[in-house]
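Letter by letter, the chains look like this.
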Amino acid sequence: MAAIGGCFFFLIAIAFVAVVWAIWRYNNLIALKNQVVNGWKQIDVQLKRRHDLIPNLIASVKGEMQFEQDTLEKVIAARNSAVAARGVADAAEKENQLTQTLSRLFALAENYPNLKANESVKALMEELSSTENKIGFARQFYNDIATRFNTAQQVFPDSLIAQAFKFQPVELFEIKEAAEREAPQVDLSLHPKQ
Amino acid sequence: MINLYDQQKRNIARTRIVLTGFILFLAFLGMGADAFLYGSGAGPGFPIATLGALCLGAFSAWWALREGDRAVLESTRAVPVDPRDPNQRILDDVVEEMAIAAGLPKPAVYVIPDSDPNALATGRGPEKSSIAVTAGLLRSLNREELQAVVSHEMSHVKNYDIRVMTVVAALVGSVLLLSDWGRRGLWWGGGRRRSSDGEGRGSGGLALFFFVAWLVSLVLAPLIAQLVAMAVSREREYLADASGAELTRNPLALASALEKIDAAAAPTPSIKQGVAHLCIEDPRGRAVNDREGAWANLFATHPPIAKRIALLKEMAYQTAGTKG
């Protein structure tokens, strides 16, 4: 009789531990998911900022860069189609095009010493290039956190929880430039290899 | 091999150890004073010195944790960044970029009016942090290098290095203040006693107080040195270099920033002794940091800069290797 009682108690203890573990891992997945959502929002904030800045920049460089009409129009067109984009994949593609036309504009602006001397143009350029960086870093952070979320869903035994509650892996942001793909490998052995 | 997460946990634990060690040691001093006051035969009296020391220790610990960052910034005479100045605007932008890359709230940004290039981070943790760079750093680095330096500081913020470092800096600061009081008070009290015999009694008591303050700080100094040694590990600089490079994906920019900082080897006068371990490179411009070995390890707060640069370049090669 005592043995059966002990066995029963043992099973209850195991069930209890399992439930606590499940809650813990579930909450972990939820926390990651919210970070992913937040990371995505952060990209949106910066993209919106870029959309707002471009018309100002174009207006202030138009006079000086009148021989670059073609480039300026391309930037405006790319900006407008990025604003109008619907859906993640579409938006990603349009934003990438905008990034490319913008970097061409930045490169061309280097040829205009008057522009570089103009304080308000300089301030706008700095703001826009900082926004470009923020977009890049926001994507990088999103990809890092999304990768962690996806990995957390796939490793065993957390995958059991992920399947039971129908967690879905999220898509990563494709980055076009090869240079941005690789994170540097971190070696803390403190000895430079010869 | 340590990672950022281990380092976070280790730093939070270290802060507790440093603070508890400080309080306990003060209480121990107080117990000694009580034993002296009441003697061995007088029986148990009210342990006033023990309680006083305990309160003092607890208050300093609380103050160090709460106001330490402000004390550190004030000691370097840092001023908040001015976004109207184009160069400072860039700094402000770069800090925001790095905060986004690290997924942290943006720290407060300060500029230290000093022409020697250096940078430091302070605060309680990611939720309340500040990053300060010298005017010299802003002048001598380009945007990418500035970004690299800020990414290094952001890693200190992220892994709670700043919490340990700031607490230690604040405790060191309060003990230095105490010893300063003690020494000045002794001199002052001594002078007064000689000038007028009538007030000798009262100022004698004051002198005794200052003498005690001075003695206590004398006793505390080695403990503080021990705390600094405990809290400061050279590993943390390598780790911040590595995780900073992970944020910018650009180890070479940090390498070249360190080269420039090293080339301007002059000491940074705005940054006081007690704050040295918070900086990206030792502001005292000392040669000990350039040597490796047990003796150098005892005194240096930073690993040799040449080795840090070599490691960063190694990191860049590895990245290039996996790509090609």
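In this convention, every chain numbers its residues from 1, walking through the sequence in written order. Working convention: letters from A go to chains and numbers from 1 go to ligands, in the order in which they are written. Where local features are concerned, this predicted model is filtered to residues with pLDDT of at least 70; where side-chain atom pairs are given and counted, the filter is 80 or more; whole-chain, interface and lining totals use all residues.

(A) Structural detail: the overall build of chain A. Of the regular secondary structure elements, chain A holds six helices and zero strands. Mapped from its N terminus to its C terminus, chain A presents α and β elements in the order α-α-α-α-α-α. Remark: C-beta atoms are placed from the backbone, and a residue is labelled buried if 20 or more other C-beta atoms sit within 10 Å of its own, exposed if 12 or fewer do, or partly exposed between those counts. Taken over 194 residues, chain A has a buried fraction of 22%. We call two residues in contact if the C-beta atoms placed from their backbones are at most 7 Å apart. Sequence-distant contacts in chain A: of pairs separated by 6 or more residues, those separated by 24 or more amount to 74%. Only runs of H or I of at least four residues qualify as helices and only runs of E of at least two qualify as strands under DSSP, and these elements are numbered from the N terminus.

(B) A look at the environment of F149 of chain A. Residue and element names in this part refer to chain A. Residue position: F149 is located in helix α5 (residues 119-154). The class for F149 is buried, based on 24 C-beta atoms found within 10 Å. Considered as a pair, F149 and F167 are 18 residues apart in the sequence and their alpha carbons are 9.7 Å apart. Residues within four places of F149 in sequence aside, it is in contact with L32, K33, V36 and V170.

(C) Local environment of helix α2 (residues 48-75) of chain B. All names here are of chain B. Helix length check: α2 (28 residues) gives 33 Å between terminal C-alpha atoms against 40 Å at 1.5 Å per residue, more than 12% under. The angle between axes fitted to the seven-residue stretch ending at a residue and the seven-residue stretch beginning at it gives the bend at that residue. The largest bend along α2 reaches roughly 70 degrees and is located at E67. With its phi angle positive at about 60 degrees, R77 sits one or two positions after the end of α2. To estimate how far a helix should extend, the number of its residues minus one is multiplied by 1.5 Å.

(D) Molecular detail of the confidence of the model for chain A. The pLDDT value expresses, per residue, how confident the predictor is, ranging between 0 and 100. Here chain A averages 81 in pLDDT, while 88% of its residues score no lower than 70. Of the regions scoring below 50 in pLDDT, residues 177-194 of chain A engages in 34 contacts with residues more than four places distant in sequence or in other chains.

(E) Seen up close, the sheet that holds strand β1 (residues 79-80) of chain B. Residues and elements named next belong to chain B. Pairing between strands requires that DSSP locate at least two bridges from one strand to the other. Judged by pairing direction, the sheet is mixed, and its four strands sit side by side in the order β1-β2-β4-β3 without closing on themselves. Unpaired on one side and paired on the other, β1 and β3 (119-125) mark the two borders of the sheet. Alignment of β3 against strand β4 (residues 128-134), held across six bridges, turns out to be antiparallel. Bridging from a neighbouring strand, T122 pairs with S130 of β4. Under this scheme, a helix contributes an axis fitted over its contacting stretch, all axes are lines through C-alpha atoms, and angles between N-to-C directions fall in the 0 to 180 degree range. Packed on one face of the sheet, α2 meets β2 (108-112), β3 and β4 and runs near 165 degrees to β3. Where helix α5 (residues 143-158) meets the sheet, it contacts β3 and β4, and its direction lies at approximately 25 degrees from that of β3.

(F) Region of interest: the pairing of β3 of chain B. In terms of residue burial, β3 of chain B counts as a mostly covered element, since five of its seven residues are buried. Count of turn residues in the β3 of chain B/β4 of chain B antiparallel hairpin: two residues.

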